[in-house]
Structure formats: C-alpha cells, structure tokens
Amino acid sequence: MSTDAFFIVEGEAFVPQPVCRGPWDPNSLHGRVVAGLLGAEIERRHAEPHLRVARMTVDLWRLPTFIPITVETAVRREGSRIRVVDAEAFAAGQSIGRASCVLLREGEQPAGEVWAPPPWDFPPPSALQPDPRPPIANEGWQPMWESRSQGRAFGTVGQKRTWMREVRPLVAGRELTPFQRVALACDFASPLANSGSAGLAYINVDITLYLHRYPAGEWIGFESTDHGASDGISMGQCRLYDEAGPIGAATVAGLAQRRRS
C-alpha cells in the first residue's frame, strides 16, 4: 500500500492531498474520499466493540475543492441495541455532504433458513490480473484503488463484476479498518452499475450502504444487480462481497453530468 494518504490532519481539519482528485473536475475531490471520511469519523467517534455500522447513507451535494475539511458528528438516537449518528462535512464554512449511520449491536443468530441468492461464482482476485488505468480518469488522476475483472468492467452493457482494494490510507498515520475499506469502496457502485457503451455519464449524488457483516481482508467484490434511468436521473445497485461470501449491498442515485477539462 502506498504511504500517500488521501488526507493529512492539521488541527481539527483534514487536508485533501492531490491523490483525492476526482474524475469530473480536476479541481475537485472524488466523492469516494468524502464518503470514506464521513464514515470513518462516525466509526472513530461513535462505534464500539460489538456495535457496528449496518447502514450508512451519504448525501454528496457539492463537488468540494482542495480546501481543508472539518467533520461534525451528533448522536440522534441512543438505545441498548441501536445507535443513530449523523455527520456533516464542511469546507470554508460550506456544507459539502453529510452521512447518517445506523449502528446495531451484535446478537445471537436466529435458527432457521431464509432464501438468499446463489453463491457468487466469480473467480477470486488471486486468479485475475490487475485492470488497466480506468478510462474515466482525467489527466491529473492518480491511482486510488486496484481492481481485477474479467474483461472490461467499464464501457460494456452486460452485468459487471469486479474486485477492488485500496492502495493508500484514508488519513495519514491511521490504519484502514474493515468498515473504512468498504465505506471508501461503496462509491464504486455508481460507475459499475451506471456505466455503459458510452462510458459513465452520471455523477452520483448519494450512496446507501447496507452491511450484515464487515469485510475480511483487503478485497471488496462488486456485482451490478440493477440500473434504471429516465430524464437524466439514474439509480444503480450492486451486491458486495469479500472472499468468504456476501457482505451487503450499495445503492446510488445519479444525475447526467459532463466532465470538465
């Protein structure tokens, strides 16, 4: 893993580094780093052993530039088995996005069988070669992840499947936790589910991540399961896996968008 982190800490602020650059505008951050930072701060400040994030919803309502970011959090509901926490990110006094997490306390698994989709039959990452540079990347883009697919994961019309793992820390000096890995990765549901024969034409404005368990290991598997679009508004969904099996799902909404050079 590279030692170049997405953010460095200065006082109460998180300072974005050049590796945060997103695909839509060379002067703005990638949405994944904002989602990851919000989720990481909720986990760092409010999670505890056996109380884990089961749902995270992120609203990305402004393309942030490379201005230092501060994060504020607040507990909205506190109970013996459920905790609800909100977080909001600010840059130069302006809100750039928010997140809400539902944390649930682990308990005994009920007896009985429940229907579930068939096991994922995609080859493990060790059996696949690294993908080439993403075609959506702008000139100043630096690698944010490693992905491994069968054929092209972008620019095709069929169902897409891929593995991805992080190649750098989120915050300098802090190791990625299992939840932070998937909080950073879940934004990937947008390009995977919403790209097609003309590439990716939708910018995601939100992400909802559901997890019934945290991922084990570095690799997160994505399988696109739904896409719909009308009048420049899209939705997409992916199932999420680790090498042991399914871990949850991610859903995104998007708007038609053109890239700035």
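Our subject is the structure that appears above.
Structure report, in brief.

Conventions used here
- Residues numbered from 1 in each chain as written.
- Predicted model: local features only at pLDDT ≥ 70, side-chain atom pairs only at ≥ 80, totals over all residues.
- Heavy atoms only, no water.
- Helix = DSSP H or I, 4+ residues; strand = E, 2+ residues; numbered from the N terminus.
- Rg over C-alpha atoms; globule rule 2.2 N^0.38 Å.
- Buried < 20%, exposed > 50% of the residue type's maximum accessible area, 1.4 Å probe, protein only.
- Contact = heavy atoms within 4.5 Å.

**Overview of the overall build of the chain**
Helix and strand content of the chain: three helices and 14 strands. Scaling as 2.2 N^0.38, a compact globule of 261 residues should have a C-alpha radius of gyration of about 18 Å, and the chain matches this with 18 Å. Overall size of the chain, expressed as C-alpha extent along the three principal axes, is 50 × 50 × 40 Å. The proportion of buried residues among the 261 residues of the chain is 50%. Taking contacts inside the chain between residues at least 6 apart in sequence as the whole, the part at least 24 apart equals 67%.

**Some remarks on unusual backbone geometry**
With a phi angle near 70°, His-50 is a residue other than glycine that sits in the positive phi range. Positionally, His-50 belongs in the loop between helix H1 (31-46) and strand S3 (51-60). Overall, His-50 belongs to the exposed group, its relative accessible area being 52%. Of note, Ala-92 is a non-glycine position whose phi angle comes to about 55°, a positive value. Relative to the elements of secondary structure, Ala-92 occurs in the loop between strand S5 (82-91) and strand S6 (94-105).

**Comments concerning helix H2 (residues 178-185)**
In terms of burial, H2 is largely enclosed, as seven of its eight residues are buried. All buried positions along H2 are accounted for by Phe-179, Gln-180, Arg-181, Val-182, Ala-183, Leu-184 and Ala-185.

On their own, these measurements won't tell you what the molecule is for.
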